[in-house]
Amino acid sequence: MKHSFIDKYSNLDSPVHRIDPRVKLVAVFSVIVIIVSEAPGAVFPFIFYGAIIALLIFISRIPLSYIMKRCLIAAPFILLAALLYPVSSIISQGYQSFGLSNPEVKAGLTILLKGFMALILLILLTSTEKFHNLLLGLRKLKMPKLLGVISALMYRYVFIIHDEMLRTTRARDSRTPGRLTISRLKVYGNQSAMIFLRSLERSQIIYNSMLSRGFDGNFPGMQSLALRGKDVIAATVFVLLVLTVRLTNSNINCYSFN
Amino acid sequence: MHISDGIIDTNICIVANVASVALVYATGKKTPIDDIPKMGMMGAALFVASLIHFPLAGTSIHLGLFGVAGIILGKRAFPAIFAALLFQSLIFQHGGLVTLGVNALNMGAGAFAAWLIWRIKVLPESLRAVLAGFFGIIVPVLLMSAEFHFSGYGRGIFFLFSVYLVAAVIESIISFSVVRFFRNIKPELLD
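Anyway, here's the lowdown on the structure attached to this text. Keep in mind the model is a prediction, meaning the values are calculated, not measured. (Residues numbered from 1 in each chain as written. Chains lettered and ligands numbered in written order. Predicted model: local features only at pLDDT ≥ 70, side-chain atom pairs only at ≥ 80, totals over all residues. Heavy atoms only, no water.)

Counting secondary structure elements, chain B contains 7 helices and 2 strands. For chain B, the sequential pattern of α-helices and β-strands runs α-α-β-β-α-α-α-α-α. Counting over 191 residues, chain B shows a buried share of 63%. Of all intrachain contacts in chain B linking residues separated by at least 6 positions in sequence, the fraction that spans at least 24 positions is 73%. Put simply, chain B shows about 6,900 Å² of open surface, and 70% of that area lies on carbon and sulfur atoms. (Helix = DSSP H or I, 4+ residues; strand = E, 2+ residues; numbered from the N terminus. Buried < 20%, exposed > 50% of the residue type's maximum accessible area, 1.4 Å probe, protein only. Contact = heavy atoms within 4.5 Å. Areas by Shrake-Rupley, 256 points an atom, 1.4 Å probe, with all protein chains shown as cover.)

A word on the overall build of chain A. Of regular secondary structure, chain A possesses 8 helices and 0 strands. The 258 residues of chain A split such that 48% are buried. Counted over contacts in chain A with a minimum sequence separation of 6, partners at least 24 positions apart contribute 82%.

The next point concerns the nonpolar core. The biggest cluster of nonpolar side chains holds 139 residues, and the ones touching the most others in it are Ile 35, Leu 121 and Phe 196 of chain A together with Ile 7, Phe 148 and Phe 182 of chain B. Discounting residues that sit within four places of it in the chain, Phe 196 of chain A has contacts with Met 41, Met 42, Ala 45, Ile 72, Phe 182 and Leu 189 of chain B. (Core = buried A, V, L, I, M, F, W, Y, C linked by side-chain atoms within 4.5 Å.)

With that out of the way, let us pick up the interface of chain A and chain B. Counting residues at the interface gives 70 residues for chain A, matched by 71 residues for chain B. Here chain A and chain B share an interface that buries about 6,200 Å² over both sides, 81% of which is from carbon and sulfur atoms. Where chain A packs against chain B, one counts 0 salt bridges. Summed over the shared surface of chain A and chain B, the number is 5 residue pairs in polar contact (both at pLDDT 80 or more). Only helix H1 (21-36), helix H3 (64-93), helix H4 (103-127), helix H5 (131-140), helix H6 (145-175) and helix H7 (182-212) of chain A provide two or more residues apiece to the side of chain A that touches chain B. (Buried area = accessible area lost by both parts, 1.4 Å probe. Salt bridge = Lys/Arg side-chain N within 4 Å of Asp/Glu carboxyl O. Polar contact = N/O pair within 3.5 Å; in protein donor to acceptor, adjacent residues only side chain to side chain.)

A positive phi angle, close to 65°, is found at Arg 61 of chain A, a residue other than glycine. In this structure, Lys 142 of chain A is a non-glycine residue whose phi angle is positive, near 75°.

This part takes up the side chain of Asn 103 of chain B. All names here are of chain B. For Asn 103, the position within the fold is in helix H5 (residues 100-118). Its relative accessible area of 2% is what places Asn 103 among the buried residues. If we ignore the near neighbours within four places in the chain, the residues touching Asn 103 are Met 1, His 2, Ile 3, Leu 85, Gly 95 and Gly 96.

Let us now look at the packing of helix H1 (residues 10-28) of chain B against helix H4 (residues 77-92) of chain B. Residue and element names in this part refer to chain B. Two elements in contact, H1 and H4, have axes separated by 8 Å at closest approach and are oriented at 135°. Classified by the angle between their axes, H1 and H4 sit oblique to one another. For the crossing formed where H1 meets H4, the hand is left-handed. Only Phe 78, Pro 79 and Phe 82 of H4 make contact with H1, whose side of the interface consists of Ser 20, Leu 23, Val 24, Thr 27 and Gly 28. Looking at the contact of H1 with H4 residue by residue, the classes come out as 5 nonpolar, 3 polar and no charged. (Axes fitted to C-alpha atoms, helices over the stretch in contact; angles between N-to-C directions. Parallel < 35°, antiparallel > 145°, perpendicular 65-115°, else oblique. Left-handed = near helix turned anticlockwise from the far one by under 90°. Nonpolar A, V, L, I, M, F, W, Y, C, P; charged D, E, K, R; others polar.)

Residue and element names in this part refer to chain B. End to end, helix H6 (residues 125-150) covers 37 Å across 26 residues, agreeing with the expected 38 Å (1.5 Å per residue, within 8%). For H6, the principal kink sits at Phe 135 and spans about 25°. Positioned one or two residues after H6, Gly 152 has a phi angle of 95°, which is positive. (Expected span 1.5 Å × (residues − 1). Bend = angle between axes of the 7 residues up to and from the residue.)

To continue, consider the environment of Ile 160 of chain A. All names here are of chain A. With respect to the helices and strands, the residue Ile 160 is situated in helix H6. Separated by 38 residues in sequence, Ile 160 and Arg 198 have C-alpha atoms that sit 9.9 Å apart. Setting aside residues up to four positions removed in sequence, Ile 160 forms contacts with Arg 202 and Ile 206.

What follows deals with a nonpolar patch on the surface. Side chains of Phe 44, Ile 47 and Phe 48 of chain A sit close together on the surface and give an oily, nonpolar patch of about 330 Å² of accessible area. By the secondary structure assignment, Phe 48 of chain A is in helix H2 (residues 45-60). (Patch = residues over 30% accessible without salt bridge, like charges linked within 9 Å, V, L, I, M, F, W, Y side chains within 5 Å.)

All chains considered together, the criterion is met by 8 aromatic pairs over all chains. Ring centres of Phe 44 of chain A and Phe 48 of chain A lie 5.7 Å apart, and the angle between their planes is 80°; on these two criteria the pair is classed as edge-to-face. What makes Phe 48 of chain A partly exposed here is its relative accessible area of 41%. Between Phe 46 of chain A and Tyr 49 of chain A the ring centres are 5.4 Å apart and the planes differ by 75°, which places this aromatic pair in the edge-to-face class. Placement of the pair is Phe 46 of chain A and Tyr 49 of chain A together in helix H2, with a separation of 3 residues, close to one helical turn. Here Tyr 49 of chain A falls in the buried class, since its relative accessible area comes to 1%. Connected via pairs of aromatic rings, a cluster forms that spans Phe 131 and Tyr 155 of chain A together with Phe 87 of chain B. Over the ring of Trp 115 of chain B we find Arg 119 of chain B, and its NZ or CZ is 4.5 Å from the ring centre. Against the face of Trp 118 of chain B rests Arg 128 of chain B, its NZ or CZ located 4.6 Å from the ring centre. (Phe/Tyr/Trp six-rings, centres within 6.5 Å; stacked < 30°, edge-to-face > 60°. Lys NZ or Arg CZ within 6 Å of the ring centre and 35° of its normal.)

What follows is the structure, encoded as structure tokens:
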């Protein structure tokens, strides 16, 4: 399986890459919470959020084309949700009310902006850190041990299962080409069960051998993390900058209503 | 079905995240060591299953397998689903980080409903498999519609529901097929 797209740019060297994964996780989570808490209809503050995120992209040296390409994967989900507001407006009030001044249309636009800003932040997080370091960061942030083990195993199994899927898909398509029918759906079901069975047997063998070598839920060889003061300062500045925009906008809205 | 960040109300996300973490602890405690590779495998399988697309009316939909997860893992499907969603969110941005708890609750509820249906032994096995597959999708969609409703979306959510109704029917046939396959090849997985 070609999986170079996972952590593709995590080997680059930039100030963002060098930040401790725990700090990055907490900062990105906080900033996403701040951005998504914007009220429906707010559009103006996203210019500032966009500028801050653009600066972050510039510092991280992640190519913009790569971020755009990754955005396309989740774009349909965000677009669909953003369209629900205007669609609801058309259903209840008809086409006459449709326009940029319509609060439902503005709310849809806010959803679109929130969705894409959060998405870009998530892409930046995963592109500037190796996946196993993110898992380690989550473990250090007290993620339940069971989740840590399952996630780490998943990271190892998913490539095996994906290869298995590609092989069985090729076999399925060569044997049952054509349109989707009920009988063909059964073939899809058999394929899923087959992938599951083959992978389960293999995963049990792997896990048993891990246990026999003394595996206790911790992955040896994983580097330990060292929290640096300048990482915390950089992340705090980033979060405070976004929070300032958020609070300033709240105050402007507050005054405009009064 | 993966709700991205910024789509639904932040308060709903916070409550769902707290509830999800509590459920991970509650359903994952005292997990037998033999179940751990199965859970990791199921999580990975859920992810890979989402890569199997069906051509449908000019577009395509993908498998969820929450019903099958519920049948095989029972209540322990929840931690597996949570881990799978975390993985999908971080690697492919399928679903957000702040909405992780919401997505886990939705899909975990589907698997839980499937498990409850699977335990009704008075019904024929094939019917239980079909219903588990169907409700494995419908329950998450109902929850998702409710979350959209409470986030201020209007009647547009009915459009969303109708899209997933077709997916639920397809999933029920897949679930039936998977159960029949396991019954013939590896019945101990179902008992």
